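Overview (structure and organization)
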Amino acid sequence: MARSANAKPLPLLALSIAFIVIWLIAAAFPFVWTTWGSFKVEPDFFSRSDWTNAITGTQTIRQTGSPFTGGGYDGAWIEQEFWKAVINTAIVTLSVVVISLTLGTLGGYALARSGFRYTFWILIAALIFRAMPHVTLASGYLLPFFELGIWGYLPTTIIVLVAINQPFTLWMLHSFFLSIPKDLDESAMVDGCTRFQAFRLAVIPVMWPGVVTTGLFSFLLAYNDFTVTSMLLTQENQTMVPKISSFLGSTQAEGKVMYAVAAVVSAIAPLFVLVLFFQRQIVSGLTAGAVKG
Amino acid sequence: MPHKTFLAFILPSLVVMLLFVALPIASVIYQSLFIEHEQVMVEVENCGPFGCTVERRVDAQAMEEMRSQQPAGRFNGLGTYFNSGHLAFERIGEIWDRTETWGDFIGQVMNLPFYKALIFTLAYTFIVTPCVIVLGFFIALGVNGLPGLIKGPVIFFSLLPMIVTPLIGSLVLYWMIDSRGIIGSALQVLFNDPSLSLKASPTLTWITLFVYGVWHSAPFAFVVFYAGLQGVPRDTMESAMVDGASRWERVRFVTIPYLLPLATFIALMQLMDNFRVFEPIVGFSAEANATSLSYLIYSDLRGSDTPLFASAAATSVLTTIGVIILLMPVLVRTWRDFNRKA
């Protein structure tokens, strides 16, 4: 009975499936297309004569003898030294995740367990900081960093990204720690632990799900950042995203767009893997803030 | 928790935020009150085989000295805020006197760099945000009706536009809408106009950027709504069915009211994120037709040989005021809730 009442009439079912299919094509096709195209030569990917060239690789076969070429990757990774940017990105993202989680768990735990009025004000200040456009902050950093002579180095960028990330981390971990029962650490304190020992022995073992989720978003922020990294890093210290944007200026002129295409696909690949493994955590993290209101 | 323990736990996090978020805001306000030094000119006599010429040059040494003494430049008060690159009240006055109709007036004000960027930023924020909410809601409804087995893969692909770096996502689309790319040439065939280019006209560029914005953010709204749909109370839904509510009436009177708080949450996050729209403009190379406030600041700092700190700082302060105005309703509501509880 309930089944038949819930079953959709056929036109509605068709409409909703068609809608989802269109959405899926819109969401995924650009990435499939660009990944496929990154193994072709430029006259195929940007085909003047016939768009099917990008699929069959007519020009690619003519130029290289095979329908697929790693030319773009070769040019980007070796000739343009994209591998350096990859290493820099690895250093920056890893450090940002570790540092912001360390500071964030301590702060978020304190905010969740303290009942005083100022916790509210700290959270509100964090919300305003969260809303600040990053480029606004970057224009505040630039001159002082020039004056202090710390502009252009990776550690400077790391600490700035940690700071920008901190409001979000605090909010997220604060609401996560609220969901861990107070009794847990309070009973540890009754047994004679100090607050820090209670945190270490009773809370840390159960906090990993929340920390992993928050860490994913810290990773995404650091990995995806363009504003801060493009303003605060020198040419040789650049991470992937600003490196790709600087490719555009130099390679478009020389007809080496395929280098940029290959670099873009290289930068998307890790994100693809990330979603593949952590889909559940990403979904729960996105909704965590909403449920708390 | 006693104050002292609380402080010990939160201090590292607070110090980082104060040093690198609060202090820069102060630094921006300070910088906006100063302006670059005037150039010191010296007259140099060049004597060659064809006689002597007197040349005026910038005295690099004197400039260097002034810069090291006063790195922020010379004091300018609120001058930068009112110059033609920012609020430009004088220019607006002139335009007001000169123009006859409202359309003319608005058209000419739109050409001032600050207002051009402001209008685009506001248009982007207030067009993309509602579209994201509506599209996300319908995707969530659609996915919710799918059989369990294919839900996972569908959610996986739906997440991609949001997870991928904004600059990279916009580049991927930019290459596809290129007149030699697949979407660009498809549109040319569709409208039977071989010269059609999405990059050429301001209107088409704006629309492209809006479409990108919706594409990028819809997954966020979708995921939040989808999670919300799992929690729609079954009892209410069933009693609505018993009362004879049609499918649409059930969505309209049960699902939507239940999801409304989530829509507010999405709207808040989207307003914050869309107001700082920046990467798509770089990715789509759209700066000729569309600039945002964030882009203005970026181009002041990176566009020329010497960064224009004062100009960037003034725009930054104005942007910050914009953010606060945008957040005002939320802040007022939170304040009221808090007082009611206390």
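Note that the structure is a prediction, hence the values are computed from the model and not measured.

Helix and strand counts for chain A come out as 16 helices and zero strands. The globule rule puts the C-alpha radius of gyration for 293 residues at 19 Å, and the 24 Å found for chain A is more than 25% above it. Projected onto its principal axes, the C-alpha positions of chain A cover 80 × 75 × 30 Å. Of all 293 residues assigned to chain A, the portion counted as buried reaches 45%. For chain A, the proportion of contacts with a sequence separation of at least 24, taken over those separated by at least 6, is 69%.

Let us look at the overall build of chain B. When helices and strands are tallied, chain B shows 15 helices and four strands. A compact globule built from 342 residues should have a C-alpha radius of gyration of about 20 Å, whereas chain B, at 27 Å, is more than 25% larger. With respect to the three principal axes, the spread of C-alpha positions in chain B is 100 × 70 × 45 Å. The buried share among the 342 residues of chain B stands at 37%. Nonlocal contacts in chain B, meaning residues at least 24 apart in sequence, comprise 65% of its contacts between residues at least 6 apart.

Before going further, it helps to spend a moment on the interface of chain A and chain B. Each partner contributes residues to the interface: chain A has 78 residues there, and chain B has 80 residues. The leading source of residues in the side of chain A that touches chain B is helix H16 (residues 257-292) of chain A, at 13 residues. Here the side of chain A that touches chain B is built from residues that sort into 54 nonpolar, 18 polar and six charged.

All names here are of chain B. The contact between helix H10 (residues 202-230) and helix H12 (residues 247-275) brings their axes to 10 Å, and the two run at 155°. The orientation of H10 with respect to H12, classified from their angle, is roughly antiparallel. Crossing of H10 over H12 shows right-handed handedness. Residues Gly-213, Ser-217, Phe-220, Ala-221, Val-224, Phe-225 and Gly-228 of H10 form the contact with H12, whose own contacting residues are Leu-259, Leu-262, Phe-265, Ile-266, Gln-270 and Asn-274. Class assignment for the residues of the contact of H10 with H12 results in eight nonpolar, five polar and no charged.

Our focus in this paragraph is the domain arrangement of chain B. As assigned here, chain B comprises domain 1 (37-75) and domain 2 (116-293). Here domain 1 of chain B and domain 2 of chain B have C-alpha centroids that lie 54 Å from each other.

Glancing now at the nonpolar core. Core analysis: the biggest nonpolar cluster contains 157 residues, and A:Leu161, A:Ile244, A:Ala263, A:Val264, B:Ile168, B:Ala221 and B:Phe225 have the highest contact counts within it. The contact partners of A:Leu161, leaving out residues within four places of it in the chain, are A:Val96, A:Leu221, A:Ala222, A:Asp225 and A:Val228.

Residue and element names in this part refer to chain B. Here strand S2 (residues 41-48) lies mainly on the outside; zero of its eight residues are buried. As defined by bridge partners, S2 adjoins strand S3 (residues 51-58) across eight bridges and the pair is classed as antiparallel. Paired with Glu-43 across the strands is Arg-56, a residue of S3. Here S2 hands over to S3 after two residues, the two strands then running antiparallel side by side.

The next thing to look at is the domain arrangement of chain A. All names here are of chain A. Split into domains, chain A comes out as domain 1 (2-74) and domain 2 (76-292). Measuring from the centre of the C-alpha atoms in domain 1 to the corresponding centre in domain 2 gives 32 Å. Contacts between the two partners involve twelve residues from domain 1 and, on the opposite side, twelve residues from domain 2. The set of elements that each furnish at least two residues to the side of domain 1 that touches domain 2 consists of helix H2 (10-37), helix H3 (42-45) and helix H6 (71-79). In terms of residue class, the side of domain 1 that touches domain 2 is built from four nonpolar, six polar and two charged.

Where the model shows low pLDDT, its predicted coordinates should not be examined in detail. In the predicted model, chain B carries a mean pLDDT of 86, and the fraction of residues at 70 or more is 99%. We note a pTM of 0.88 for the whole complex and an ipTM of 0.88 for its interfaces.

All right, on to the environment of B:Pro166 then. By the element assignment, B:Pro166 lies in helix H8 (residues 166-177). For the pair B:Pro166 and B:Thr319, spaced 153 residues apart in sequence, the C-alpha to C-alpha distance is 21 Å.

Residue and element names in this part refer to chain A. Taking 1.5 Å per residue as the helical rise, H2 with its 28 residues ought to reach 40 Å, and the 38 Å between its terminal C-alpha atoms agrees with that figure. Of all the bends in H2, the largest measures some 40° and sits at Ala-28, one to four residues before the proline Pro-30. Within the span of H2, buried status applies to Ile-20, Trp-23, Ala-27, Pro-30, Phe-31, Thr-34 and Gly-37.

Attention now goes to H8(B). Residue and element names in this part refer to chain B. Helix length check: H8, at twelve residues, gives a terminal C-alpha distance of 16 Å against a target of 16 Å (1.5 Å per residue), a fit within 8%. With eleven of its twelve residues buried, H8 lies for the most part within the structure. Taken together, the buried positions of H8 are occupied by Pro-166, Leu-167, Ile-168, Gly-169, Ser-170, Leu-171, Val-172, Leu-173, Tyr-174, Trp-175 and Ile-177.

Take the packing of helix H7 (residues 82-113) of chain A against helix H10 (residues 154-178) of chain A next. All names here are of chain A. Across the interface, H7 lies against H10 with an axial gap of 6 Å and an inter-helix angle of 40°. Judged by the angle between their axes, H7 and H10 are oblique. Crossing angle aside, the handedness with which H7 passes H10 is right-handed. When the residues that make up the contact of H7 with H10 are grouped by side-chain class, the tally is 16 nonpolar, twelve polar and no charged.

Once that is clear, we can look at unusual backbone geometry. Positive phi values are uncommon outside glycine, yet A:Glu81 reaches one of about 55°. What makes A:Glu81 partly exposed here is the crowd of 13 C-beta atoms within 10 Å. Here the phi dihedral of B:Asn192 falls at roughly 55°; this positive angle occurs in a residue that is not glycine. Mapped onto the secondary structure, B:Asn192 falls in the loop between helix H9 (182-190) and H10. Residue class for B:Asn192 comes out exposed when judged on the 7 C-beta atoms lying within 10 Å of it.

About the thresholds
Residues numbered from 1 in each chain as written. Chains lettered and ligands numbered in written order. Predicted model: local features only at pLDDT ≥ 70, side-chain atom pairs only at ≥ 80, totals over all residues. Helix = DSSP H or I, 4+ residues; strand = E, 2+ residues; numbered from the N terminus. Rg over C-alpha atoms; globule rule 2.2 N^0.38 Å. Buried ≥ 20, exposed ≤ 12 C-beta atoms within 10 Å, placed from the backbone. Contact = placed C-beta atoms within 7 Å. Nonpolar A, V, L, I, M, F, W, Y, C, P; charged D, E, K, R; others polar. Axes fitted to C-alpha atoms, helices over the stretch in contact; angles between N-to-C directions. Parallel < 35°, antiparallel > 145°, perpendicular 65-115°, else oblique. Left-handed = near helix turned anticlockwise from the far one by under 90°. Domains from an automatic or database assignment. Core = buried A, V, L, I, M, F, W, Y, C linked by C-beta atoms within 7 Å. Pairing = 2+ DSSP bridges. pLDDT = per-residue confidence, 0-100. Expected span 1.5 Å × (residues − 1). Bend = angle between axes of the 7 residues up to and from the residue.

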